[in-house]
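# Summary of the model geometry
The chain contents come next:
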Amino acid sequence: MLQETVDEIAARLGASATLEDRSFQLLAYAAQSGDIDMVRQESILRRRATDQVRAYFEGYGIAGAHGPVRIPADADLGVLARVCVPLRHREVTYGYLWLLDDGTLGDDVLASVGDLVSRVAAVLAQEARSRQDLGANLRELFSSDAEERSWALSRLDMRGPVAAIAARSSPDRVAALWTLPRGVLADPAFPVGDEPLVALLVPAGQAGELAGRVQSMYGTMAGVGAPRDDPAQAWRSWREAVHALGVAARVPALAPVALWSGLGVYRLLARTSSAGLRELAAEIAVLARDPELARTVETYLDRAGHVQQTATALGVHRQTLYYRLAKAERLTGRDLADGENRLLVHLALKAVRLL
């Protein structure tokens, strides 16, 4: 329906028309009429506008506008003059209709397609509400119960590959998750222990970008699970996303968005029970009480025992490093020249971070 309506608008106005959602993702476009600029060309080819172009357009207040906004040309950005018609329904903007303007799109001409613009806005609003309703199915889709997952899948028209995102919300911010691209399912209060999380299931190819956007909305942390070709296995990606979020919250080097695929040894430790982590951390309890010494040993082991690299990273003399390493060996009773001892101490130091 959206495509047919955009075609009709373009035909009535004799202008090139493009329809995008609130996140500037392309939804439909009419056949080209007259000149074409780089922005329209890129939007059609890449299915969404660049961040630079988005910032340019948003600078004209299109998100809150109640009527058409005329945007001048910008040669540096490759932008021809155009009219942006915000698609609003019940005082909420759900998308934008873009019309290349050759000077013939007066206010009266634009008013002649007002009925079609209202129709498109209503359709987008309905789709947004429908997507929110479908998002409620995530609780069943991410369930450990196979029957619940099967029931949820029967209600969803979903194709893989998909990936799950877990994020922490913030009491100081309200995120407009409905502005995310179509094809994204979201639950802003997914129950996980005592702390509800923001849960999303997204096309795998957009997972990294969308996790960054959601993390920015809340200003907190996010974790991304590994992709799954079969949506029936999305619950596994969700488990990984929750683990990745936990790591992001405790390991600054992997924050604010942690990808399961990039966690390294933390993938193993994140799946270890709290009791198991405490048992492992107890191996170097005396070392953990001295943060500088613990950091020295961890940096040394992170660099595979390379003395000069470690000294440079810590900003200390080699002799200072040797002194600290010898002290750590005395305190722990572990010879760091022994491979198994090094592995145990290294893992124990990582476990301490997760605790």
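Read on for an overview of the structure. Only a predicted model underlies this, so the values are computations on that prediction, with no experimental measurement involved. (Residues numbered from 1 in each chain as written. Predicted model: local features only at pLDDT ≥ 70, side-chain atom pairs only at ≥ 80, totals over all residues. Heavy atoms only, no water.)

## Overview of the packing of aromatic side chains
This structure, assessed with the given rule, holds nine aromatic pairs. Ring geometry for Phe24 versus Tyr96: centroids 5.4 Å apart, planes at 35°, classification tilted. Remark: Tyr96 occurs in strand β5 (residues 92-100) and Phe24 occurs in the loop between β1 (17-21) and β2 (26-29); sequence separation between them is 72 residues. Across the pair, exposure class does not vary: Phe24 and Tyr96 are buried alike. Ring pairing ties together the aromatic residues Phe24, Tyr56, Phe57, Tyr60, Tyr96 and Trp98, which thus form one cluster. (Phe/Tyr/Trp six-rings, centres within 6.5 Å; stacked < 30°, edge-to-face > 60°. Helix = DSSP H or I, 4+ residues; strand = E, 2+ residues; numbered from the N terminus. Buried < 20%, exposed > 50% of the residue type's maximum accessible area, 1.4 Å probe, protein only.)

## Quick word on the side chain of Thr93
Within the secondary structure, Thr93 is located in strand β5. Within the local environment of Thr93, its side chain forms a polar contact with the backbone oxygen of Ala63, the two atoms lying 2.9 Å apart. In this structure the side chain of Thr93 is engaged in a polar contact, spanning 2.8 Å, whose partner is the side chain of Arg88. Apart from residues no more than four positions distant in its own chain, Thr93 is found in contact with Arg22, Ala63, Pro86, Leu87, Arg88 and Trp178. (Polar contact = N/O pair within 3.5 Å; in protein donor to acceptor, adjacent residues only side chain to side chain. Contact = heavy atoms within 4.5 Å.)

## Describing the nonpolar core
Formed by 34 residues in total, the largest nonpolar core has its most connected members in Leu287, Val297 and Leu349. Residue assignment for this core shows that the elements contributing at least two residues are α9 (234-250), α10 (266-270), α11 (274-281), α13 (291-302), α14 (307-314), α15 (318-332) and α16 (339-354). Broken down by element, the residue count for this core peaks at six residues, all from α16. Not counting residues within four places of it along the chain, the set of residues in contact with Leu349 comprises Ile284, Leu287, Ala294, Val297, Glu298 and Leu301. (Core = buried A, V, L, I, M, F, W, Y, C linked by side-chain atoms within 4.5 Å.)

## Topic: the packing of α13 against α15
Each pair of packed helices can be summarised by the angle the axes make with each other and by the distance between the axes. At a minimum axis separation of 10 Å, α13 and α15 run at an interaxial angle of 105°. The orientation of α13 with respect to α15, classified from their angle, is roughly perpendicular. Counting all contacts with α13, which are made through Glu292, Leu293, Thr296, Val297 and Tyr300, the residues of α15 involved are Leu321, Arg324, Leu325, Lys327, Ala328 and Leu331. (Axes fitted to C-alpha atoms, helices over the stretch in contact; angles between N-to-C directions. Parallel < 35°, antiparallel > 145°, perpendicular 65-115°, else oblique.)

## Considering unusual backbone geometry
That bond from Gly160 to Pro161 is cis: its omega, 0°, falls within 30 degrees of zero. Here Ala255 and Pro256 are connected by a cis peptide whose omega angle stands at 5°. The phi dihedral of Arg90 falls on the positive side, at around 55°, and the residue is not glycine. You can see Arg90 is positioned in the loop between β4 (82-89) and β5. Here Arg90 falls in the exposed class, since its relative accessible area comes to 73%.

## Regarding the pairing of β5
Burial analysis of β5 places eight of its nine residues in the buried class, the great majority of the element. In the sheet, β1 pairs with β5 via five bridges, with the strands oriented antiparallel. From the neighbouring strand, Asp21 faces β5, where its bridge partner is Gly95. Where β4 and β5 come together, eight bridges link them in antiparallel fashion. Bridge pairing in β5 places Leu87 opposite Gly95. Between β4 and β5, which pair antiparallel one after the other, the connecting turn spans two residues, and Arg90 there sits at a positive phi close to 55°. (Pairing = 2+ DSSP bridges.)

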